[in-house]
Amino acid sequence: MRVLHGVHPTDFKHYDTATIRERFLLDKLIQPDQLVSVYTHYDRMIVGGVHPVQQTLTLKNYPNLRSEYFLERREIGIINVGGEGQVTVDGASYYMQKLDCLYVGKGAKHVTFRSKDVGLPAVFFLLSAPAHTTYPTTLLTYAAAAKVHTGNSTHANLRTIHKYIHLDGIQSCQLVMGLTILHNGSIWNTMPAHVHDRRMEAYFYFDLPAEDKIFHYMGEGHETRHVLLQNYEAIVSPPWSIHTGSATASYSFIWGMAGENLDYTDMDAIRIADMF
Ligand SMILES: O=C(O)C(=O)C[C@H](O)C(=O)CO
Ligand SMILES: [Zn+2]
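About the thresholds
- Residues numbered from 1 in each chain as written.
- Chains lettered and ligands numbered in written order.
- Predicted model: local features only at pLDDT ≥ 70, side-chain atom pairs only at ≥ 80, totals over all residues.
- Helix = DSSP H or I, 4+ residues; strand = E, 2+ residues; numbered from the N terminus.
- Rg over C-alpha atoms; globule rule 2.2 N^0.38 Å.
- Buried ≥ 20, exposed ≤ 12 C-beta atoms within 10 Å, placed from the backbone.
- Near = placed C-beta within 6 Å.
- Nonpolar A, V, L, I, M, F, W, Y, C, P; charged D, E, K, R; others polar.
- Core = buried A, V, L, I, M, F, W, Y, C linked by C-beta atoms within 7 Å.
- Contact = placed C-beta atoms within 7 Å.
- UniProt positions renumbered as here; feature names shortened; annotations may be inferred.
- Pairing = 2+ DSSP bridges.
- Axes fitted to C-alpha atoms, helices over the stretch in contact; angles between N-to-C directions.

K.L.:
Go over the overall build of the protein, please, and point to the residues and values.
P.N.:
Within the protein one finds two helices and 23 strands. For the protein, the C-alpha radius of gyration of 18 Å lies close to 19 Å, the compact-globule estimate for 276 residues. In terms of principal-axis extent, the alpha carbons of the protein reach across some 55 × 40 × 35 Å. Burial statistics for the protein: of 276 residues in total, 44% are counted as buried.

This is the structure:
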């Protein structure tokens, strides 16, 4: 499993494009008939992608976890951004349409992923954080997720935030997870941008046309840099970094966090006037 180490903001100022991409970008997450995981040292969050096409794939254990099985001391959030899929957890089946979310609590021993239709395979995005207790495995559909309509067309940021795993939603130890859908014609996510020193965050961009790109912005508010991402690529945000993006077309993205608390609103906005 690839391991991503933490970066100090003072060092970040000197990074060139290639170094920024190497230290923060999670590309090649979605590969046919593979489960790809990256271990980050940001709150020990594991970021992964599972794309079962012909095969049923299993959540395997990794030597660097020093555990008997993957979820022995961890919890996991799974969101499907592809065709209908099936996830089994210790023999129980969960059917996931596009944009449904499944939380699997600490202690589940055997988790598998498969697609219903080879012609329209599932694409699962995974986030896993260390867990101290077991919360029930819970499926929350896209329709049932809490929705917040925000932004406006003047600022090209009309979007709907969908919250799945959070203080008032699916219960978890550390994981907070949801997704944001930009309305057609809107291209900006989080603006004014924010940081949250108490949590790391990962963004996974999807539903972006293949010929388009995301300009993802990161860094301290007064020292910003951009990273270009494509569809199905993810990026980690250290606690000191803003995480926002604009793209050459409308898109959606999954956001997920772990850290000190589960409060979605715990963020410190940075005024546009104060960004450089
Ligand atoms: O569209 C947005 O704005 C977001 O989705 C923001 C993320 O949810 C976030 O950064 C939460 O901390
Ligand atoms: Zn955030």
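K.L.:
Requested: an account of the site of ligand 1, with residues and values cited.
P.N.:
In the neighbourhood of ligand 1, the contacting residues comprise R159, I161, T180, N189, T190, E201, H243, W255 and M267. Here the shell around ligand 1 is composed, by residue class, of three nonpolar, four polar and two charged.

K.L.:
An account of the nonpolar core is requested, with residue identities and associated values reported.
P.N.:
Burial of nonpolar side chains together is a common tendency in soluble globular proteins. Of all hydrophobic cores here, the largest spans 75 residues; its most connected members are M45, C101, F204, Y205 and F253. In terms of residue count, strand β17 (residues 199–206) provides more of this core than any other element does, six residues in total. With residues near it in sequence (within four places) discarded, C101 still touches G77, I78, I79, L140, Y164, I165 and M177.

K.L.:
Can you lay out the environment of S237 for me, pointing to particular residues and giving the numbers?
P.N.:
Within the secondary structure, S237 sits in strand β20 (residues 234–237). Judged by C-beta crowding, with 23 C-beta atoms within 10 Å, S237 ranks as buried. For the pair S237 and M218, spaced 19 residues apart in the sequence, the C-alpha separation amounts to 7.3 Å. The residues contacting S237, other than those within four sequence positions of it, are M200, E201, M218 and H243.

K.L.:
Can you tell me about the UniProt feature "binding site: Zn(2+)" (unreviewed entry) in the protein, naming the residues and giving the values?
P.N.:
Per the UniProt entry, the sites bearing "binding site: Zn(2+)" (unreviewed entry) are H194, H196, E201 and H243 in this numbering. For the annotated residues, spread through 50 residues, the largest C-alpha to C-alpha distance comes to 11.3 Å, consistent with a single compact locus. With near-sequence residues (within four places) excluded, H196 lies in contact with P239, D266, M267 and D268. Counting through the fold element by element, H243 comes out in the loop between β20 and β21 (244–247). A tally of 25 C-beta atoms within 10 Å means that H243 is categorised as buried. Not counting the four nearest positions on each side in its chain, H243 is found in contact with T190, E201, Y203, M218 and S237.

K.L.:
So what's going on with the pairing of β17? Which residues, and what values?
P.N.:
In terms of burial, β17 is a largely internal element, eight of the eight residues being buried. The two faces of β17 match: R199, E201, Y203 and Y205 on one face and M200, A202, F204 and F206 on the other face are all buried. The pairing of β17 with strand β22 (residues 252–259) spans eight bridges and is antiparallel. Residue pairing in the sheet places A202 in a bridge with G256 of β22. One ladder, built from four bridges, connects β17 with β20; its direction is antiparallel. Note that in β20 the partner of A202 across the bridge is V236.

K.L.:
Requested: an account of the sheet that holds strand β1 (residues 2–4), with residues and values cited.
P.N.:
Pairing is mixed in the open sheet, where seven strands are placed in the order β1-β3-β4-β11-β6-β9-β12. The open sheet has two edge strands with one neighbour each: β1 and β12 (138–140). Across the sheet, the mean angle separating the axes of adjacent strands is 20° when strand polarity is ignored. As paired elements, strand β9 (residues 101–104) and β12 share three bridges and run antiparallel to each other. By the bridge assignment for β12, L102 is matched with L139.

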